[in-house]
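Chain by chain, the residues run as shown.
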Amino acid sequence: MKEQYTFISLTEAHEKIKHDCFRSRKYAVLTADDGYKSLLSILPWLNEQKIPITLFVNPRYWDGLSWSEINEEQSRRVKSDVDMLTEVCPDLYLTREQLQQIASSPLVTLGLHGYEHFDATKMSLSEFTDNVQQCRDSICDMEGYVPYMAYTWGRHNGSTDSILRKLNIVPVLVNGTDNYNNSDYIDRVAIDGKRL
Ligand SMILES: [Zn+2]
């Protein structure tokens, strides 16, 4: 990908799209959702390659004290009586401390992915607003925070978008449902409804 694209940060990409100027190069933005511990194995290499990355995280799961239903479902498929708290979470999610350490690199930024990994379109609008605010309150004081939100599974609608805009948060990667269902799907509506 480095041969074809110049990797830039999400913030730089947003600036480029806002000004909509002619671009002679192709750009790519790297992001990762959910704050999994497995990121630790690739971050040093990305750093070496000077590739920026934005991590979209769910603060409720930091420190492994709670977990997403989808992770429980996946774990139970492997072992039906699994104890999430002791057997899965310690190896699955990054701790707050680890995230802080990771985000001290100028190449790493932290964005919002909901306080919990819930489908935005299945919550009431007030639940969604509270969820996003709680997520933001947990992250906004951390180094590397950027006011962008990747919806879980990219599921959103006009009402959730307008709530984010009122909170001065930019929705990104908003057609994730297509992406999630089709592993070869690459035509993402990238940032705030526009393509990079
Ligand atoms: Zn996710």
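Shown above is the structure to which this text applies.
Here we summarise the structure given alongside this text. (Residues numbered from 1 in each chain as written. Predicted model: local features only at pLDDT ≥ 70, side-chain atom pairs only at ≥ 80, totals over all residues.)

**Describing the nonpolar core**
Note that soluble globular proteins tend to have their nonpolar side chains buried in a common cluster. We apply this condition: What we call a nonpolar core is a set of buried Ala, Val, Leu, Ile, Met, Phe, Trp, Tyr and Cys residues whose membership is set by joining through C-beta atoms within 7 Å. With C-beta atoms placed from the backbone, a residue is buried if 20 or more other C-beta atoms are within 10 Å of its own, exposed if 12 or fewer are, and partly exposed between those counts. Helix and strand assignments come from DSSP, with helices taken as H or I runs of at least 4 residues and strands as E runs of at least 2, each series counted from the N terminus. Note that contacts rest on C-beta atoms placed from the backbone: two residues are in contact if these are within 7 Å.
Ranked by internal contacts, the top residues of the largest apolar core, which has 33 residues, are L112, V132 and M149. Looking at this core, the elements that each hand over two or more residues are α1 (10-19), β4 (53-57), α4 (84-92), α5 (96-102), β5 (108-112), α6 (125-139) and β6 (145-150). Residues within four places of L112 in sequence aside, it is in contact with F56, V132, C135, R136, I139, Y148, M149 and I169.

**Thoughts on the sheet that holds strand β7 (residues 170-172)**
Note the following rule: Whether two strands pair depends on DSSP finding at least two bridges between them. Angles run from 0 to 180 degrees between N-to-C directions of axes, and those axes are lines fitted to C-alpha atoms, restricted for helices to the stretch in contact.
One open sheet accounts for five strands, arranged β3-β4-β5-β6-β7; its pairing is parallel. If you trace the sheet from one side to the other, it starts and ends with β3 (30-33) and β7, each paired once. The mean angle between the axes of side-by-side strands here comes to 40 degrees, regardless of whether they run parallel or antiparallel. For β6 and β7, the ladder comprises three bridges, and the chain directions are parallel. When the bridges of β7 are listed, M149 appears paired with P171. Where α1 meets the sheet, its contacts fall on β3, β4, β5, β6 and β7, and the angle it forms with β6 comes to roughly 75 degrees.

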